[in-house]
Amino acid sequence: MFRLALLTVFTFISQSNADFFPPQVNISLDVKPEQRWDPLIESFDKEFLRKSAADIINSAVPKWVYYVIQPIAASLEWFLPEPYAGEIYGLSKGFGLSVADGVILNLVYEFTSFCTSIIAQDSKGNIYHGRNLDYNFENILRNLTIDVHFTRSRKVAYTGTTFVGYVGLWTGQKPFKFTISADERDHGYWWENIIAALKNGSPVSWLIRKTLDEAEDFESAMLTLSKTPLIANVYYIVGGTKAKEGVVITRNREGPADIWPLDPLNGEWYRVETNYDHWTTPPPYDDRRTPAIKALNATGQENINLDTLFKVLSVHPTQNNSTVYTTVMSAAAPEKYRTEVRTIT
């Protein structure tokens, strides 16, 4: 069933300009890391994945950088933590990529996104979380977007949205516990972070997976995301299941630069984060924040829900030609997790 659904959608999205739901796949955490992505590998077009990976690497990695870091990446699997090293190894072998290219591809995804995340509380104290994920390779990534249900003992441990061949998550939900999204905080060239990776900093997206897997509640998730050393600066947006459980964490590599929680008692019932520090003004050529704020104010706290939040995230230029997908989610209602792959506006 999954094979048919995945390949059918792949054919459809190559021919359609309509928004659509991405394929879904179950990945068992009870299976060895090298083998756990086999259901996806067996179902997806391997030639398309190889071509897509080559196009992304060639576009994002200068030739001289590629030749410098390729031998490092080839041995990097020995320095990367499990389960991610094993998963990258298994995906690379399964799709016919070199391990070096598999590692480089995963690292490229860490530093090339431009996003919008919103956390909001309605007048009854319900928490809603939404995000647009924008990438430079939008036309490729729309064909690679998948929703993944990570299971343990046949139960969903957490859910996330990612790309075929990528083991990290920029968007995820732990049922009845919390939700997380991450937005890039651009500082420096991405390849500088290869050195940081060797110094035991965590990739941004891997920390999301680790937190979804291990943290038991909103507070512990917030603590992990705030204090764990990273290989890049980032914004983490976290939502819980109770009133006031919403926060934007502005991260440096070493720790938090700022913690910006919801403050509904003072009328601050939402937070909007794009790719700029919230205490600064976004540049006019990339102001996705202001349209989102105007749309939220027009919606009103009494009317905010997952459907109206999706509409807010669909306002131009908050949604734009680089938007790959939109996800809305609420940890208190995990069955309503919803991702739509977006098309040109």
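Computed from a predicted model, the values in this text were never measured in an experiment. (Residues numbered from 1 in each chain as written. Predicted model: local features only at pLDDT ≥ 70, side-chain atom pairs only at ≥ 80, totals over all residues. Heavy atoms only, no water.)

Draft legend 1. Examining the overall build of the protein more closely. Per the secondary structure count, the protein includes 12 helices and 13 strands. Split into buried and exposed, the 345 residues of the protein put 59% on the buried side. Summarising the internal contacts of the protein: among those between residues at least 6 apart in sequence, 68% fall at separations of at least 24. Working note: accessible area of the protein is about 14,500 Å², and carbon and sulfur atoms make up 54% of it. (Helix = DSSP H or I, 4+ residues; strand = E, 2+ residues; numbered from the N terminus. Buried < 20%, exposed > 50% of the residue type's maximum accessible area, 1.4 Å probe, protein only. Contact = heavy atoms within 4.5 Å. Areas by Shrake-Rupley, 256 points an atom, 1.4 Å probe, with all protein chains shown as cover.)

Draft legend 2. Looking closely at the nonpolar core. W37, Y109, Y135, L141, L144, F163 and Y236 are the most contacted members of the largest nonpolar core, which has 73 residues in total. A per-element tally of this core places helix α6 (residues 99-109) first, with 8 residues. In contact with F163, not counting residues within four places along its chain, are Y109, L133, Y135, L141, L144, T145, I146, V324 and Y325. With 16 residues, the next largest nonpolar core counts I118, A120, A295 and I304 among its residues. (Core = buried A, V, L, I, M, F, W, Y, C linked by side-chain atoms within 4.5 Å.)

Draft legend 3. Here's a closer look at the packing of aromatic side chains. This structure, assessed with the given rule, holds 11 aromatic pairs. Ring centres 4.7 Å apart and planes at 20° place the aromatic pair F150 and Y158 in the stacked group. A residue is classified by how much of its surface remains accessible, and F150, at 0% relative accessible area, is buried. On the basis of relative accessible area, Y158 is assigned to the buried category, the value being 2%. With a centroid separation of 4.8 Å and 85° between ring planes, the pair formed by W269 and Y270 is classed as edge-to-face. Accessibility classification places W269 together with Y270 in one group, the buried group. What links up through ring pairs into an aromatic cluster is the set Y109, Y135, F163, Y166 and Y325. (Phe/Tyr/Trp six-rings, centres within 6.5 Å; stacked < 30°, edge-to-face > 60°.)

Draft legend 4. The pattern of salt bridges, seen in detail. A complete count under the given rule lists 13 salt bridges for this structure. Note that D286 is salt-bridged to R288, the shortest N-O span being 2.9 Å. In this structure D286 comes out as buried when scored by relative accessible area, which is 17%. Where salt bridges share partners, they join R36, E87 and R209 into one cluster. (Salt bridge = Lys/Arg side-chain N within 4 Å of Asp/Glu carboxyl O.)

Draft legend 5. Expanded view of the pairing of strand β8 (residues 234-239). Burial within β8 is extensive, with 6 of its 6 residues counted as buried. On β8, burial covers both faces: V234, Y236 and V238 on one face and Y235, I237 and G239 on the other are all buried. Relative to β8, strand β7 (residues 178-184) is paired through 6 bridges, and the arrangement is antiparallel. Counterpart to D183 in the pairing with β8 is Y235. Between β8 and strand β9 (residues 246-251), which pair antiparallel and follow one another directly, the connecting turn spans 6 residues, one of which, K244, has a positive phi of 75°. (Pairing = 2+ DSSP bridges.)

Draft legend 6. Molecular detail of unusual backbone geometry. At the junction of E82 and P83, the peptide bond is cis and its omega measures out at 10° in the coordinates. Relative to the helices and strands, P83 is located in the loop between α4 (63-76) and α5 (84-95). Phi is positive for S153, which is not a glycine, with a value near 55°. Judged by its relative accessible area of 56%, S153 is exposed.

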